[in-house]
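Summary of structural features
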Amino acid sequence: MLPLIMRFEENRGERGRKYSECACVGRNRPSARLTPPVDGHYNTGLNRTAAPMSANDNLLTVSVIGKPKGNVALELFKAIRERGGEVEDCRIAQIGDRLTANLLVSGNWSTLGRLETALPGIAEKLELQVRFERCEVRPVNPDFRPYAAEVIAPQDPNLLVNILEFFQHQDVEVVEISTQKYQSTYTGADMANVQMVLHVPVNQHPQALRESFMDLCDDLNADGMLDPIKT
């Protein structure tokens, strides 16, 4: 999984957006061009050719937060590789004046044990708060299909609550959320952009769900998009 930091801007002459900032770290060398999320995750449009995890690998989830002092991402990845671990999944983003990172690390039992022992010292050196825990592979659920949703609306404190309540009533699982507030370059209007990855039950009628979603957008004075994620 490739971590991603994005800022959305309006395109000149038509509504749209472009990725103006991107930071990616992963097994493959990333392309500068991004594709839509695949199976619930953004990637760089390159085919992932790395070998899958070994059945003997264990997993460790690591969460850190701290001031973006130096190259925190590089130091974390170096520390993991020096102990034989490998990053399988990752999110890194700056929230306010803090850098947050969530990583899924694989390795054999002794590898993860060495990393667990080292992480408190690494966090102290980098002035980070860290939490880690052993975990399992994300479960597969063939009863759901992945969808991408996007809402562009005037800023409203209740916007996210309204959207999440709608999907809850539709028995749709929201598995990823990305939000940005911004001022329109052209009008100065306070706007919000919400992007979500959804798991929709396979027995849910797509057109009925889409029509209900568009009704919600009308009520919110918003523009919306709801499309299946294609692999």
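A few points on the structure. Given the structure is predicted, the values throughout are model-derived calculations rather than measurements.

Another point: the pattern of salt bridges. It is possible for side chains of opposite charge to pair when their charged atoms get near one another. Applying the stated criterion to the full structure yields 7 salt bridges. Arg83 is the partner of Glu82 in a salt bridge, and the nearest nitrogen-oxygen pair spans 3.8 Å. Among the residues examined, Glu82 registers a relative accessible area of 61% and is labelled exposed. Residue Arg83 is classed as partly exposed on the basis of its relative accessible area of 23%. A single network of salt bridges, built from pairs that share partners, joins Asp89, Arg91, Arg138 and Glu176.

This next bit is on the sheet that holds strand S6 (residues 86-95). As summarised here, the arrangement of the 4 strands in space is S6-S7-S5-S8, forming an open sheet in which the pairing is antiparallel. The open sheet has two free edges, formed respectively by S6 and strand S8 (128-135), since each of these has just one partner strand. Taking the axes of each pair of neighbouring strands and ignoring which way they run, one obtains an average angle of 10 degrees across the sheet. Across 9 bridges, strand S5 (residues 58-66) lies against strand S7 (residues 98-107) in antiparallel orientation. Bridge assignment links Val64 to a residue of S7, and that residue is Ala101. In the packing of helix H1 (residues 72-82) onto the sheet, contacts are made with S5, S6, S7 and S8, and the angle to S6 comes to roughly 160 degrees.

With respect to the helices and strands, the residue Ala153 is situated in strand S9 (residues 144-154). Taking C-alpha positions, Ala153 is 9.7 Å from Lys181, a pair spaced 28 residues apart along the chain. Ala153 has contacts with Leu159, Met191, Ala192, Leu220 and Ala222, leaving out every residue within four places of it along the chain.

Where H1 meets helix H2 (residues 109-126), the axes come as close as 11 Å, and the angle between the chain directions of the two elements is 160 degrees. Taken together, the axes of H1 and H2 lie roughly antiparallel to each other. The hand of the H1/H2 crossing is right-handed. When H1 is examined against H2, the residues Val72, Glu75, Leu76, Ala79 and Ile80 are found in contact with a partner set consisting of Leu115, Ile122, Lys125 and Leu126. Looking at the contact of H1 with H2 residue by residue, the class counts come to 7 nonpolar, no polar and 2 charged.

About the criteria used
Residues numbered from 1 in each chain as written. Predicted model: local features only at pLDDT ≥ 70, side-chain atom pairs only at ≥ 80, totals over all residues. Heavy atoms only, no water. Salt bridge = Lys/Arg side-chain N within 4 Å of Asp/Glu carboxyl O. Buried < 20%, exposed > 50% of the residue type's maximum accessible area, 1.4 Å probe, protein only. Pairing = 2+ DSSP bridges. Helix = DSSP H or I, 4+ residues; strand = E, 2+ residues; numbered from the N terminus. Axes fitted to C-alpha atoms, helices over the stretch in contact; angles between N-to-C directions. Contact = heavy atoms within 4.5 Å. Parallel < 35°, antiparallel > 145°, perpendicular 65-115°, else oblique. Left-handed = near helix turned anticlockwise from the far one by under 90°. Nonpolar A, V, L, I, M, F, W, Y, C, P; charged D, E, K, R; others polar.

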